[in-house]
Amino acid sequence: MAKLILSLDGQLIKEFTLSKERTTIGRKPHNDIQIDNLAVSGEHAIIMTILNDSFLEDLGSTNGTLVNGQPVKKHFLQSNDTVEIGKYKLKYLSEAPASMNQAEFEKTMVLRAPAAAAPKQETRSPTDTQTNLQATNVNESVTSGQAAPTSAAAPAPAPKLAQAPTPATVQPAPPAAAAIQGGGTIQILSGPNAGKELPLSKPLTTLGKPGVQVAVIAKRPQGYFITHVEGANFPVVNGKTLDAQAHQLGDHDVIELAGVKMEFFLKP
Amino acid sequence: MSLIASLEMAKATHTGMVRSHNEDSIAIDAEIGLAVLADGMGGYNAGEVASGIATALISSETREAMIRQSPHEVDRTTGSPLATVLLRDIIAKANTSIFQSANSQPQYAGMGTTLVVALFCNNQITIAHIGDSRCYRQRGGKLEQVTRDHSLLQEQIDSGLLTKEAAKRSQNKNLVTRALGIEPAVEAEIHSYPAQEGDIYLICSDGLNDMVEDEDIEMTLEALGANLQLAAEQLVQMANDNGGRDNISVVLIKVKKDFPADEGLFAKFFSWFK
C-alpha cells in the first residue's frame, strides 16, 4: 500500500498509509493528516486512492500545494513524488508492484460492482475499496464502487501519415516513435537517385515500388532485418535471392530491389 | 454467400516473452466474414479454457446461424439488424457455457475472457466486444480505435481523472469491468459501421496495444498492408521486442472490395432510389 512520509526541514515527523479512498490533509483536527501550521489551510488538499493509484488535489488552499517544486491543482502521484505544503514535505512512496509478483500483478482481473452480488465471494472490507491490493490470485475479483462504463466517441485518431510514392526508389515509413539507436543507413547505388542516403531511423522502412516490388527493413534490438512484402520478385542480397523469411542485414550488404541497387551500412 | 473474394484475413498469436502459456484464442472464417478474439483469465490453464470455449462456440454457432438466415436483414420482432441480434444471442450462449463450466469444475472457478467479434456483411462490419481487447480501423492511412475498453482505466479517462498519457503510468492496468463467463449474464457492446474498400481492421489483445504505440501500429499497417500475414507477424514481433509482457494476439482483416448482400430484384431496384 502506498504511504506518505511527513517531514519538516529534513526531520521525519510521521508516516501515513493511504488506506482510505479519501485522505484529507489540512490544519483542522478532523483531517486524516493534520498539519498544525498557519501556512496550511483548514482543508488544504485531498488524496484520492483508487486501488494502486493515488491522485492529489489542492482544495483551493491559500498558499497552494507543490509537487516536485511545481504548483499543482490536480496531480497523479508517482512513487517518490515530493508534495510540499507550506514548509512541510510529504514524500509519496508506492509499494504496490514490489509487494507482489510482477507477472501475476499484470494479469487481467475483473472488477465487479458491489451491487452485482458475487456468489461465494468473501467480503473483504465493507468500507474500503482498496483492500484487494495484495490480490495475486487472478481468481479473486476486485470489488469496487465504480459505475458502469459510459459509451462515447472513440479517441482522436493519430496524425496523418506522409506518403512518398516516388517511382522505383525509397519510401520512408511514416513518422514513428523516437529511435533507440541510430546507425543503419541505406545508400542508393544505381538509378536516378544514386548517391542518396536514407537513414533507417524508423522501426520500419519500406523500399521499392508499391504494386511492383516492396521490401521492408525492420529495425529491431538485435539489428536490421529485410523482409519481402509484395511483388513477384524477391529482394536479392549480395547476389542471393531471399525467400519469404526475414533476413538479417550485415554491414555493407548490397540489396537489389525493383531494379535498383543499394548498400546497407552501419554508421559508427 | 462467401466473402472470400472480398475479405482477406490474417492472424498471429504468441505467448510473449514472460508468460508460460498463451491464454489468448483467435478464430477466423473468411467465408462467412467472421473474426473472433478472446483473451482468457483465470488460474492455471483456466484462462485458455475460457477463451477457447468462446472462440470455438462463437465461430461454430455463427456459421450455423448464417445458413438459416442472412444477418443483413432486420429482425422482425425487435427491429434491430439481425447481425446484432445474432451476435447478442450467440455471445449469451458462450457466456452461459463458460459460466457453467466454471461453476461445475473447481479448477475452472472464476475463469473468464475478454471478447471481440467482428462480423462482415452487406458492406458493414458489426463489432461486439467485452473487456479490454480492441478493434482498430486503418482507413486512409489513419488508425482509429473503434472499440472502447471496458476497464477501470477507460472509466477514469472518461471521467477526466486521467489523461490518456497518464493512464500509461497507472498501476491499475488490466482491470476489466466486464468479462465473458464471470457472471450469469453479460452485456456485449455491439455497434455496426459501414466498411469501405481498402479498410484494414485490427483486432488485438492488450498484449499488443500495451506494448506497441498506436503510431507504430499505424505505421506497420501502412507499410505492410500489402502483405497482411507479414503485418500481423510484424506487430507480434514489435510487441515482443518491446518486452512482450503478455500474450499477444492479432487478427487483421482487409476489405479488398465491397461485399453487398444478395438481395431480391426488388430490393436492388429500390436501392437505386435511395
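Residues numbered from 1 in each chain as written. Chains lettered and ligands numbered in written order. Predicted model: local features only at pLDDT ≥ 70, side-chain atom pairs only at ≥ 80, totals over all residues.

### Quick word on the nonpolar core
Residue and element names in this part refer to chain B. Judged by nonpolar contacts, the single largest core of 127 residues is most densely connected at Ala-118, Leu-202 and Val-250. In terms of residues, this core owes the most to one element, helix α2 (residues 82-104), which gives eleven residues. In this structure Ala-118 touches Ala-35, Ile-125, Ile-127, Cys-135, Tyr-201, Ile-203 and Ile-253, once residues within four positions along its chain are discounted. (Core = buried A, V, L, I, M, F, W, Y, C linked by C-beta atoms within 7 Å. Buried ≥ 20, exposed ≤ 12 C-beta atoms within 10 Å, placed from the backbone. Helix = DSSP H or I, 4+ residues; strand = E, 2+ residues; numbered from the N terminus. Contact = placed C-beta atoms within 7 Å.)

### Observations concerning the pairing of strand β8 (residues 142-145) of chain B
Residue and element names in this part refer to chain B. With four bridges joining them, strand β7 (residues 134-139) and β8 adopt antiparallel strand pairing. Considered in β8, the bridge of Arg-137 is made with Glu-144. Linking β7 to β8, which pair antiparallel, is a turn of two residues; within it Gly-140 sits at a positive phi near 60 degrees. (Pairing = 2+ DSSP bridges.)

### What about helix α6 (residues 214-224) of chain B?
The buried count for α6 of chain B comes to nine of eleven residues, which makes it a mostly enclosed element. Taken residue by residue, α6 of chain B has Asp-216, Ile-217, Glu-218, Met-219, Thr-220, Leu-221, Glu-222, Ala-223 and Leu-224 of chain B as its buried positions.

### Some details on the sheet that holds strand β3 (residues 22-26) of chain A
All names here are of chain A. Read from one edge to the other, the open sheet built from five strands follows the order β4-β3-β5-β6-β9, with strand pairing classed as mixed. At either end of the open sheet lies a strand with only one pairing partner, and these are β4 (33-34) and β9 (74-76). Across two bridges, β3 lies against β4 in parallel orientation. Residue pairing across strands places Gly-26 opposite Gln-34, the latter belonging to β4.

### Focus on unusual backbone geometry
Of note in the backbone geometry, Ala-258 of chain A takes a positive phi value of approximately 50 degrees without being a glycine. On the secondary structure map, Ala-258 of chain A appears in the loop between β23 (253-257) and β24 (260-266). Even without a glycine there, the phi angle at Asn-123 of chain B is positive, about 60 degrees. On the secondary structure map, Asn-123 of chain B appears in the loop between β5 (115-121) and β6 (124-130).

### Brief notes about the packing of helix α1 (residues 46-68) of chain B against α2 of chain B
Residues and elements named next belong to chain B. The N-to-C vectors of α1 and α2 enclose an angle of 145 degrees; their axes lie 9 Å apart at closest approach. For the pair α1 and α2, the crossing hand works out as right-handed. Contacts from Ala-50, Ile-53, Ala-54, Leu-57, Ile-58, Glu-61, Thr-62 and Ala-65 of α1 reach α2 at Leu-86, Ile-90, Ile-91, Lys-93, Ala-94, Ser-97, Ile-98 and Ser-101. (Axes fitted to C-alpha atoms, helices over the stretch in contact; angles between N-to-C directions. Left-handed = near helix turned anticlockwise from the far one by under 90°.)

### Let's talk about the pairing of strand β6 (residues 53-58) of chain A
Moving residue by residue along a regular strand, the side chains alternate between the two faces of the sheet. Residue and element names in this part refer to chain A. Sheet topology places strand β5 (residues 45-50) next to β6; six bridges connect them, and they run antiparallel. The partner of Ile-46 across the bridge, within β6, is Glu-57. Alignment of β6 against β9, held across three bridges, turns out to be antiparallel. Bridge pairing links Phe-55 to Phe-76 in β9.

### With respect to the sheet that holds β24 of chain A
All names here are of chain A. Pairing in this open sheet of six strands is antiparallel, and the strands run β16-β15-β24-β23-β20-β21 from one edge to the other. Only two strands of the sheet have a single neighbouring strand rather than two, namely β16 (197-199) and β21 (240-241). Where strand β15 (residues 184-188) meets β24, five bridges bridge the pair, whose relative direction is antiparallel. Paired with Ile-186 across the two strands is Phe-264, which belongs to β24.

### A closer look at the confidence of the model for chain B
Per-chain confidence: chain B averages 91 in pLDDT, with 95% of residues scoring 70 or above. For this predicted complex, the interface score ipTM comes out at 0.83, while the overall pTM is 0.76. (pLDDT = per-residue confidence, 0-100.)

### Observations regarding the packing of α6 of chain B against helix α7 (residues 228-241) of chain B
How two helices pack is summed up by the angle between their axes together with the distance between the axes. All names here are of chain B. Close contact between α6 and α7 brings their axes to 9 Å; oriented N to C, the two are set at 155 degrees. Viewed along their axes, α6 and α7 adopt a mutual orientation that is roughly antiparallel. Handedness of the crossing formed by α6 with α7: right-handed. On the side of α6, the interface is formed by Asp-216, Ile-217, Thr-220, Leu-221 and Leu-224, while α7 contributes Leu-230, Ala-231, Gln-234, Leu-235 and Met-238. Each residue belonging to the contact of α6 with α7 can be placed in one class, and the counts come to seven nonpolar, two polar and one charged. (Parallel < 35°, antiparallel > 145°, perpendicular 65-115°, else oblique. Nonpolar A, V, L, I, M, F, W, Y, C, P; charged D, E, K, R; others polar.)

### Focus on the confidence of the model for chain A
Considering every residue of chain A, the mean pLDDT works out to 76; 69% of them sit at 70 or more. Within the model, pLDDT remains below 50 along residues 115-181 of chain A, and this stretch shows 132 contacts once partners closer than five positions in the same chain are excluded.

### Focus on the environment of Tyr-201 of chain B
All names here are of chain B. Here Tyr-201 lies in strand β11 (residues 200-204). In this structure Tyr-201 comes out as buried when scored by C-beta crowding, with 25 C-beta atoms within 10 Å. Tyr-201 sits 52 residues away from Ile-253 along the chain, and the two C-alpha atoms are 5.0 Å apart. Not counting residues within four places of it along the chain, the set of residues in contact with Tyr-201 comprises Ala-118, Ile-125, Cys-135, Arg-137 and Ile-253.

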